[in-house]
Amino acid sequence: QVQLVESGGGLAQAGGSLRLSCAASGTIFSINAMAWYRQAPGSQREFVARIRTDGVTNYADSVKGRFTISRDDAKNAVYLQMNSLKPEDTAVYYCNAEIRSTHWATLFNYWGQGTQVTVSS
């Protein structure tokens, strides 16, 4: 099966930077897209950024101009460079991957376990 392993979370000061990483492993035939979501305490999970195989990216309005998503197809990895961090960025960040495990399988969304990002004021 597919596993997503995240790293890079931690504590940062307002205005600082963090870089999140996520690597997919297991039975993977192809990856259509990878994305990041986040969930703050007491709130719903929200979309942050997504990058497709063709390189097209999408960002939530709240992070445009501050966050950059990128991917490394050779490593089945996705990254989220977070600059100019704000306290409101504090949340658990989840990696998402749209993966076809075999040539005959349908596309399926897989999720990482989440990594905590805390931004102090």
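As the structure is a computational prediction, the values presented were derived from the model and not from experiment.

Draft legend 1. Region of interest: the sheet that holds strand E3 (residues 18-26). Pairing is antiparallel across the open sheet formed by four strands, whose spatial order is E1-E3-E8-E7. Pairing within the sheet leaves two strands with one partner each, and these edge strands are strand E1 (2-7) and strand E7 (67-72). Averaged over all pairs of adjacent strands, the angle between their axes in this sheet comes to 15°, without regard to strand direction. Both E7 and strand E8 (residues 77-82) contribute to a ladder of six bridges, which runs antiparallel. Note on E8: the bridge partner recorded for Ile 69 is Leu 80.

Draft legend 2. Examining the state of the cysteines more closely. Scanning the entire structure with this criterion turns up one disulfide. Here Cys 22 is linked by a disulfide to Cys 95, with a sulfur-sulfur distance of 2.1 Å. The disulfide joining Cys 22 to Cys 95 has a torsion of about -85° about its S-S bond and is therefore left-handed. Of this pair, Cys 22 sits in strand E3 while Cys 95 sits in strand E9 (residues 91-100), placing them 73 residues apart in sequence.

Procedures and definitions
- Residues numbered from 1 in each chain as written.
- Predicted model: local features only at pLDDT ≥ 70, side-chain atom pairs only at ≥ 80, totals over all residues.
- Heavy atoms only, no water.
- Pairing = 2+ DSSP bridges.
- Helix = DSSP H or I, 4+ residues; strand = E, 2+ residues; numbered from the N terminus.
- Axes fitted to C-alpha atoms, helices over the stretch in contact; angles between N-to-C directions.
- Disulfide = S-S within 2.5 Å.

Any link to function would need more than the numbers given here.
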